[in-house]
Amino acid sequence: MSHKIPFYMHDLGQEELDSVAEVLAGPILTTGDTVDRFEKEFAGYLGRKHALGVTSCTGAIHMSLLALGIGPGDEVITTPMTFIATATAIIEAGASPVFVDVESDTGNIDAGKIEAAITDKTRAILPVHLYGLMCDMIEIRRIADRYNLKIIEDCAHCVEGERDGVRPGELADTACFSFYATKNLTCGEGGAVVTDSDELVDRLKVLRLHGMTKTAADRQREGYSHWDMVDMGWKYNMDNIQAALLLPQMRRLRKKLDSRHELSAIYEKKLGRIEGVRLPASRNNATHARHLYPVWVTPQLEIML
C-alpha cells in the first residue's frame, strides 16, 4: 500500500492570521515597523547585534558578498553539497566558487581540506550548515584569520543550531538565513542576514533596497524629503506581511525544535535496524537544528528498493 507524501505541511494558524491582519489594518505593507520588530527579535535570538530581513537567503548571500567587496577575479571556497543558490549567488557577485569536499558522515564541508584549496585569489569561505548541523566554525575561523579571509555562513537549514558553544553568525562576517516554505521558520519566501558590524549593516541596508537612502516607511513617518541613490542596489527588502508571519513563530522555535528531536529519535530507533542504511551523524557539543533527516543508503540496498 502506498501513501502520498506531501511536499511540506506548515503549522501556521490563527496567531499568524491575526498578526497579518494587524499589518493589513495599517498604512505600510512594505518594509516598515513590523519588519523592524522581527529584525530585533531575530538578532536577539541569535545573540547578534544586527539583523536585516530580506527576500531570500540567496539575496542575503549575494548582498553579503557585494558588501564585503568580493567580485570579479575573486574566489570563494564553498561546498558542492548544498542548494544551487549557494554557488549561483557567488557567480552573481562576479566571483568564482571553489568546491571543497565534504565529511562523509555529515555532508558538511570538511574544514581539514579548506587550506589546500586556498589560492592568491581566495577572498572568502562560505560554509553551509547542511541539514541543520553546524560546520566546525572554530576551525574555519582559525583558517580565515590565518589567510585574512571573510566568512559568510549559509544558515538556510540552521536557525536553531549550536556547536562548541558557537551560534550561527557568531564567528562570521555575516550569516544568511532562509524562510522558504519548507524551513523551520517560514513566511513562504523570505530570508535574513545578521552581522555584528555597524559599518557592514549600513552598507547592507542600502544594497537591499535599490541603493536608496530612504524607504517608503521613512517617508511615511518623517514626511517627504528627497532621497538619493548612492549605490547599485537590489530589490531584496522584506515586507511587513512576511515579518508578521514570522513573529509568532519566534515564540515556538524551542517547542518545535524539541518536537523534531523527538521525531529524529524515532527515526534512529526504526531506521537503525535496517542493514545498509546509515543515519546522519551529529557532533559532540552540538545542537542539531534537524531541518532535514537524510539517510545514507548503500548501492546494493538502493537497487533492492
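Residues numbered from 1 in each chain as written. Predicted model: local features only at pLDDT ≥ 70, side-chain atom pairs only at ≥ 80, totals over all residues. Heavy atoms only, no water.

Trainee: Would you explain the overall build of the protein chain in this entry?
Mentor: Scanning the protein chain from N- to C-terminus turns up 10 helices and 11 strands. Whereas a compact globule of 305 residues would reach a radius of gyration of roughly 19 Å, the protein chain reaches 20 Å, a difference of no more than 12%. Principal-axis analysis of the C-alpha atoms gives the protein chain an extent of 70 × 55 × 35 Å. Evaluated residue by residue, the protein chain yields a buried proportion of 51% over its 305 residues. When the accessible area of the protein chain is evaluated, it comes to approximately 15,100 Å², of which 55% is carbon and sulfur surface. (Helix = DSSP H or I, 4+ residues; strand = E, 2+ residues; numbered from the N terminus. Rg over C-alpha atoms; globule rule 2.2 N^0.38 Å. Buried < 20%, exposed > 50% of the residue type's maximum accessible area, 1.4 Å probe, protein only. Areas by Shrake-Rupley, 256 points an atom, 1.4 Å probe, with all protein chains shown as cover.)

Trainee: Is there a simple way to explain helix α3 (residues 57-67) in this structure?
Mentor: Given 3.6 residues to a turn, an α-helix orients residues that are three or four positions apart in the same direction. Among the 11 residues of α3, nine are classified as buried, and the element is accordingly described as predominantly covered. Here α3 has its buried residues at C57, G59, A60, I61, H62, M63, S64, L65 and A67. Near the N-terminus of α3, the side chain that reaches the backbone nitrogen of T58, with its oxygen 3.4 Å away, is that of S56. Phi turns positive one or two residues past the end of α3, at G69, with a value near 75°. (Polar contact = N/O pair within 3.5 Å; in protein donor to acceptor, adjacent residues only side chain to side chain.)

Trainee: I tried to follow the environment of D101 on my own but got confused; where do I start?
Mentor: Within the fold, D101 resides in the loop between β3 (96-99) and β4 (122-125). On the accessibility criterion, D101 (45% relative accessible area) is partly exposed. Taking the C-alpha atoms as reference points, D101 and L52, separated by 49 residues in sequence, lie 31 Å from one another. Those residues within four positions of D101 in sequence are excluded, and the remaining contacts are I109, D110 and K113. (Contact = heavy atoms within 4.5 Å.)

Trainee: Looking at this structure, how should I read helix α4 (residues 84-92)?
Mentor: Buried within α4 we find A85, T86, A87, A89 and I90. Taken together, the buried residues of α4 touch α3, β2 (75-78), β3 and β5 (150-154). Positive backbone phi, at 95°, marks G94, one or two positions downstream of α4.

Trainee: Honestly, the environment of T78 in this entry has me stumped. Any pointers?
Mentor: Residue placement: T78 occurs in strand β2. A relative accessible area of 0% places T78 in the buried class. In this structure, the C-alpha to C-alpha distance between T78 and A243, residues 165 residues apart in sequence, is 30 Å. Excluding anything up to four places from it in sequence, T78 contacts T86, I90, P97, V98, F99, V100, I109, L126 and V128. A polar contact is formed between the side chain of T78 and the backbone oxygen of L126, at a distance of 2.8 Å.

Trainee: I'm lost on unusual backbone geometry in this one. Help?
Mentor: Residues other than glycine predominantly adopt negative phi, and peptide bonds predominantly adopt the trans conformation. In this structure, N148 takes a positive phi of about 55° despite not being glycine. Relative to the assigned elements, N148 resides in the loop between α5 (137-147) and β5. Phi is positive for R290, which is not a glycine, with a value near 50°. The topology assignment puts R290 in the loop between β10 (286-287) and β11 (296-297). With a relative accessible area of 10%, R290 lands in the buried category.

Trainee: I tried to follow empty space enclosed by the protein on my own but got confused; where do I start?
Mentor: By rolling a water-sized probe across the atoms, one finds the places where empty space is left. Inspection of the entire model under this criterion finds one cavity of 30 Å³ or more. Size it by volume and the largest cavity reaches roughly 40 Å³. Lining the largest cavity, in full, are A156, H157, C158, V159, E160, S178, K183, N184, L185 and H291. Its residues placed into classes, the lining of the largest cavity shows four nonpolar, four polar and two charged. (1 Å grid on protein atoms, 1.4 Å probe; cavity = no way out; pocket = protein on both sides within 12 Å on 5 of 7 lines; lining within 4 Å. Points joined across faces, edges and corners; volume = space filled by probe spheres on them. Nonpolar A, V, L, I, M, F, W, Y, C, P; charged D, E, K, R; others polar.)

Trainee: It is not clear to me how the packing of α3 against α4 should be interpreted in this structure. Could you clarify?
Mentor: Any two packed helices are characterised by the angle at which their axes cross and by the distance between the axes. Taken N-terminus to C-terminus, the directions of α3 and α4 make an angle of 35°; their axes are 9 Å apart at the nearest point. The hand of the α3/α4 crossing is right-handed. Counted together, T58, I61, H62 and L65 of α3 and A85, T86, A89, I90 and E92 of α4 form the full contact between these two elements. For the contact of α3 with α4, the per-class residue count stands at five nonpolar, three polar and one charged. (Axes fitted to C-alpha atoms, helices over the stretch in contact; angles between N-to-C directions. Left-handed = near helix turned anticlockwise from the far one by under 90°.)

Trainee: Where do I start with a nonpolar patch on the surface in this structure?
Mentor: A cluster of nonpolar side chains, contributed by F7, Y8 and Y180, occupies part of the molecular surface with about 330 Å² of accessible area. Locating F7 in the fold gives a position in the segment before α1 (14-24). (Patch = residues over 30% accessible without salt bridge, like charges linked within 9 Å, V, L, I, M, F, W, Y side chains within 5 Å. Salt bridge = Lys/Arg side-chain N within 4 Å of Asp/Glu carboxyl O.)

Trainee: Sorry if this is basic, but what is going on with the nonpolar core here?
Mentor: If you look at soluble globular proteins, the nonpolar side chains tend to sit buried side by side. Ranked by internal contacts, the top residues of the largest apolar core, which has 26 residues, are L65, I70, V76 and I152. If you list the elements that add at least two residues to this core, you get β1 (50-54), α3, α4 and α6 (198-207). Ranked by the residues each element gives to this core, the list is headed by α3, at six residues. Formed by 25 residues, the second largest nonpolar core is a distinct cluster that contains A43, F177, L245 and L246. (Core = buried A, V, L, I, M, F, W, Y, C linked by side-chain atoms within 4.5 Å.)

Trainee: Before we go on, may I ask you to explain the packing of aromatic side chains in this structure?
Mentor: How two aromatic rings sit relative to each other is given by the distance of their centres and the angle of their planes. Within the structure shown, the criterion is met by six aromatic pairs. A ring pair is formed by F38 and F179, whose centres lie 5.6 Å apart and whose planes are at 85°; its orientation type is edge-to-face. Here the residue F38 occupies a position in helix α2 (residues 33-46), and F179 occupies one in the loop between β7 (174-178) and β8 (191-195), the gap between them amounting to 141 residues. The pair formed by F38 and F179 is uniform in burial state, with each residue classed as buried. Seen in terms of ring centroids, W234 and Y236 are 6.0 Å apart; in terms of plane orientation they differ by 10°. Their pairing is stacked. Taken together, the aromatic side chains of F38, F42, F177 and F179 make up a single cluster linked through ring pairs. Above the ring of Y45, the side-chain terminus of R167 is found at 5.2 Å from the ring centroid. (Phe/Tyr/Trp six-rings, centres within 6.5 Å; stacked < 30°, edge-to-face > 60°. Lys NZ or Arg CZ within 6 Å of the ring centre and 35° of its normal.)

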